[in-house]
Amino acid sequence: AVSIDYGYKFNEIFETGLVFFFFNDTATTEIYTIMPRAKLNFNVNGFVNPFMELDAGVAFNGNGAAPMFHATLLGLELGKTLPLTLNLLSFGQRGIFYASLGCKF
């Protein structure tokens, strides 16, 4: 699975954005998901930024569309310019744990 996230900070705590998610479980099934997201940051200026996030949107495949969501109850961003993001307690579209590398500009 591959996802691309875009976020826009309104202030030091609240961020919103968009998630595009692609998943291919077999050679014949491809799932594309687009979800708006809301994120609460608890230490955005520190090296370690704990956060919570909620994504909700629509998944598309060859058979139609279905509602989709993802929630992260505990996540950590490690770093400032190129943060390593760890979603430690999650459920939904992306699974219970995932890691990613980002870029802030």
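Please refer to the structure higher up on the page.
Keep in mind that what you see is a predicted model, and the values were worked out from it rather than measured.

Student: Describe the overall build of the protein, naming the residues involved and giving the relevant values.
Tutor: Looking only at helices and strands, one finds zero helices and seven strands in the protein. Secondary structure elements of the protein occur, N-terminal to C-terminal, as β-β-β-β-β-β-β. Over its C-alpha atoms the protein spans a radius of gyration of 14 Å, differing by no more than 12% from the 13 Å that the globule rule assigns to 105 residues. Looking at the 105 residues of the protein, the share that counts as buried comes to 30%. Pairs at least 24 apart in sequence give 31% of the contacts found in the protein among residues at least 6 apart. With the model as given, the accessible surface of the protein reaches about 6500 Å², and the carbon-plus-sulfur share is 70%. Within the protein, the 8 negative side-chain charges are centred at a point lying 10 Å from the centre of the 6 positive side-chain charges.

Student: So what's going on with the layout of surface pockets? Residues and values would help.
Tutor: Over the atoms rolls a probe the size of a water molecule, and its path tells where empty space is left. Its boundaries defined by the atoms lining it, the largest pocket holds a volume of some 690 Å³. Contributing to the lining of the largest pocket are 26 residues, with G7, E15, R37, C103 and K104 lying nearest its centre. Of all the secondary structure elements, the ones that give two or more residues to the lining of the largest pocket are β1 (2-9), β3 (30-41), β4 (48-61), β6 (84-92) and β7 (98-101). Top element by residues in the lining of the largest pocket is β1. It accounts for seven residues. Partitioned by chemical class, the residues of the lining of the largest pocket number ten nonpolar, seven polar and nine charged.

Student: Please provide a residue-by-residue account of the environment of F22, values included.
Tutor: With respect to the helices and strands, F22 occurs in strand β2 (residues 14-24). Taking the C-alpha atoms as reference points, F22 and N63, separated by 41 residues in sequence, lie 16 Å from one another. Excluding its chain neighbours within four sequence positions, the residues that come into contact with F22 are A1, V2, E30, I31 and Y32.

Student: Describe in detail the pairing of β2, supporting the description with residues and values.
Tutor: Where β1 lies against β2, eight bridges are found, and the strand directions are antiparallel. Counterpart to V2 in the pairing with β2 is F22. Hairpin remark: β1 followed by β2, antiparallel, with four residues in the connecting loop. Bridge count for β2 against β3 is eleven bridges, and the pairing is antiparallel. Each residue of the ladder has a partner; that of F22, found in β3, is Y32.

How each quantity is defined
- Residues numbered from 1 in each chain as written.
- Predicted model: local features only at pLDDT ≥ 70, side-chain atom pairs only at ≥ 80, totals over all residues.
- Heavy atoms only, no water.
- Helix = DSSP H or I, 4+ residues; strand = E, 2+ residues; numbered from the N terminus.
- Rg over C-alpha atoms; globule rule 2.2 N^0.38 Å.
- Buried < 20%, exposed > 50% of the residue type's maximum accessible area, 1.4 Å probe, protein only.
- Contact = heavy atoms within 4.5 Å.
- Areas by Shrake-Rupley, 256 points an atom, 1.4 Å probe, with all protein chains shown as cover.
- Lys, Arg positive; Asp, Glu negative; His and termini not counted.
- Charge placed at Lys NZ, Arg CZ, Asp CG, Glu CD.
- 1 Å grid on protein atoms, 1.4 Å probe; cavity = no way out; pocket = protein on both sides within 12 Å on 5 of 7 lines; lining within 4 Å.
- Points joined across faces, edges and corners; volume = space filled by probe spheres on them.
- Nonpolar A, V, L, I, M, F, W, Y, C, P; charged D, E, K, R; others polar.
- Pairing = 2+ DSSP bridges.

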